[in-house]
Amino acid sequence: MNYIDVRSDTVTEPTKAMRDAMYIAKVGDDVYEDDPSVKELELLAATITGKEAALFVPSGTFGNQLALFTHCKRGSEVILSDSSHIVVHEVGAASVIAGVQLRTIDSIDGIISPADVLKRIRKGNDIHFPETSLICMENAHSNGRVIPLSNMSEIYSIAKEYNLPVHLDGARLFNASTYLNKDPKEITKYCDSVMFCLSKGLCAPVGSILAGDKDFIRKARKNRKLMGGGLRQSGFLAAAGIVALNDMVQNLKYDHENAKLLAQELSKIPQIKINLKDVHINMVFFEIDLDDNKSEEIVGFFYENGIKINPPEDGEMRFVTNYWVDKNDIEKIVSTLKSFINRHR
Ligand SMILES: *Cc1c(COP(=O)(O)O)cnc(C)c1O
């Protein structure tokens, strides 16, 4: 059975064009910097993000942690939002790999205030203080919202005033640029390094990119080796990544349209609470009034109806549209949810 899968955009399988490109990819040993496909992908990624160089890495988490590891001295401090992926969803890796302390800022809708960033930058030579070594931002935020560029710009200026690097977790960078209808460089100009995922909405099977200036990427390449991310004939994966960047970015707008459609239909169901203004990209968050035992049941009910979903977390559900979910699938998801609610009323 072919399931409709809205658990995440990470579930996307490669397209036919990707499979074909992987089959015929020219490869070499990338630790020797001999893989032409990886080189091509890295050059393309650097160009698209307006950075001097880029590095292919196994995952988004790897790319973020490699950025922290490369930017920061052990025992230094990284300033970022309390709701950021690096804080919430990366297994505490920052304390293990880079050995840094995460100094979080309360965020509203994923947005941190520039004044709060300024307040947390360590100033002076007090021997009690760790050194501030990095500021991180995330856009699009994993709450499905796109952070305004004005906010990024203000935080970037503050960082530069204090000579601090800025890293952007741009796992969904192209979803953000699609929503803003801007070139990705208009976003990445407010950071010194950026990570983005090839393996989410862009459908590549594996991989992310870390981009930055030449010196940073040279150091990151060695740190990537230390972390076990020196891959050999990774050109097979890079070949899919090249198709992702060339062919798939322009499709994200359909994922966003489908998410909007889904959100609008859900908003008509009385038992569902949803803020349509929060739906910027391919993610639809909503609250549903269910008893605890029903939250287990809903996953099973959807599965029986050919749809894979994640269970609600604290009453909140998340459906993520992607390349393999079309308008008819959206209708099926909505009608399935309606029959679940009717069954349990
Ligand atoms: C998915 C995601 C990552 C991590 O990517 P993986 O490839 O799953 O490790 C990092 N940051 C954000 C915002 C993400 O959504």
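- The chain has the name Low-specificity L-threonine aldolase in an unreviewed UniProt entry, where Clostridium algidicarnis is given as its organism.
- UniProt, in its Cofactor (unreviewed entry) section for the chain, records the words "pyridoxal 5'-phosphate".

**Focus on the environment of Asp 314**
Thought 1: By secondary structure assignment, the location of Asp 314 is in the loop between β11 (307–308) and β12 (316–320).
Thought 2: Residues Asp 314 and Val 57, spaced 257 residues apart in sequence, show a C-alpha to C-alpha distance of 33 Å.

**Some points on the nonpolar core**
Thought 1: Of all hydrophobic cores here, the largest spans 56 residues; its most connected members are Ile 135, Phe 174, Leu 198, Ile 209 and Leu 245.
Thought 2: By residue number, the principal contributor to this core is helix α11 (residues 235–248), which donates 8 residues.
Thought 3: Structurally, this core is a two-domain feature, drawing no fewer than three residues from each of domain 1 (10–249) and domain 2 (251–333).
Thought 4: Once residues within four sequence positions are removed from consideration, Ile 209 is found in contact with Leu 41, Ala 45, Ala 54, Leu 55, Phe 56, Val 57, Val 194, Met 195, Phe 196 and Leu 198.
Thought 5: Grouped together as the second largest cluster of nonpolar side chains are 27 residues, Val 279, Val 284, Val 325 and Val 334 included.

**Re the pairing of strand β8 (residues 208–212)**
Note on strand geometry: in a regular strand, side chains alternate between the two faces of the sheet.
Thought 1: Taking burial as the measure, the 5 residues of β8 include 5 buried ones, the bulk of the element.
Thought 2: Residues Ser 208, Leu 210 and Gly 212 line one face of β8 and the alternating positions Ile 209 and Ala 211 line the opposite face, and both faces are buried.
Thought 3: In this sheet, β8 lies alongside strand β2 (residues 53–57) in antiparallel orientation, the contact comprising 5 bridges. Among the inter-strand pairings, Ala 54 is bridged to a residue of β8, identified as Ala 211.
Thought 4: Of the pairings in the sheet, the one linking strand β7 (residues 193–197) to β8 comprises 4 bridges and is antiparallel in character. From the neighbouring strand, Phe 196 faces β8, where its bridge partner is Ile 209.

**Quick word on the packing of helix α3 (residues 60–71) against helix α10 (residues 214–226)**
Thought 1: Contact pair α3 / α10: the axes reach a minimum separation of 9 Å and the direction vectors enclose 115°. Here α3 and α10 pass one another in a crossing that is right-handed. Taking contact as the criterion, the partners of Phe 62, Leu 66, Ala 67, Phe 69, Thr 70 and His 71 in α3 are, on α10, Phe 216, Lys 219, Ala 220, Asn 223, Arg 224 and Leu 226.
Thought 2: Considering only residue class, the contact of α3 with α10 consists of 7 nonpolar, 3 polar and 2 charged.

**Comments concerning the domain arrangement of the chain**
Thought 1: Domain assignment breaks the chain into domain 1 (10–249) and domain 2 (251–333).
Thought 2: Using C-alpha coordinates to define each centre, domain 1 is positioned 28 Å away from domain 2.
Thought 3: Contacts between domain 1 and domain 2 engage 23 residues on the former and 15 residues on the latter.
Thought 4: At the boundary of domain 1 with domain 2, the tally comes to 1 salt bridge.
Thought 5: Scanning the region where domain 1 abuts domain 2 turns up 9 residue pairs in polar contact (both at pLDDT 80 or more).
Thought 6: The set of elements that each furnish at least two residues to the side of domain 1 that touches domain 2 consists of α8 (173–180) and α11.
Thought 7: For the side of domain 1 that touches domain 2, the element with the most residues is α8, which contributes 5 residues.
Thought 8: Looking at the side of domain 1 that touches domain 2, its residues break down into 11 nonpolar, 8 polar and 4 charged.

About the thresholds
Residues numbered from 1 in each chain as written. Predicted model: local features only at pLDDT ≥ 70, side-chain atom pairs only at ≥ 80, totals over all residues. Heavy atoms only, no water. UniProt positions renumbered as here; feature names shortened; annotations may be inferred. Helix = DSSP H or I, 4+ residues; strand = E, 2+ residues; numbered from the N terminus. Core = buried A, V, L, I, M, F, W, Y, C linked by side-chain atoms within 4.5 Å. Buried < 20%, exposed > 50% of the residue type's maximum accessible area, 1.4 Å probe, protein only. Domains from an automatic or database assignment. Contact = heavy atoms within 4.5 Å. Pairing = 2+ DSSP bridges. Axes fitted to C-alpha atoms, helices over the stretch in contact; angles between N-to-C directions. Left-handed = near helix turned anticlockwise from the far one by under 90°. Nonpolar A, V, L, I, M, F, W, Y, C, P; charged D, E, K, R; others polar. Salt bridge = Lys/Arg side-chain N within 4 Å of Asp/Glu carboxyl O. Polar contact = N/O pair within 3.5 Å; in protein donor to acceptor, adjacent residues only side chain to side chain.

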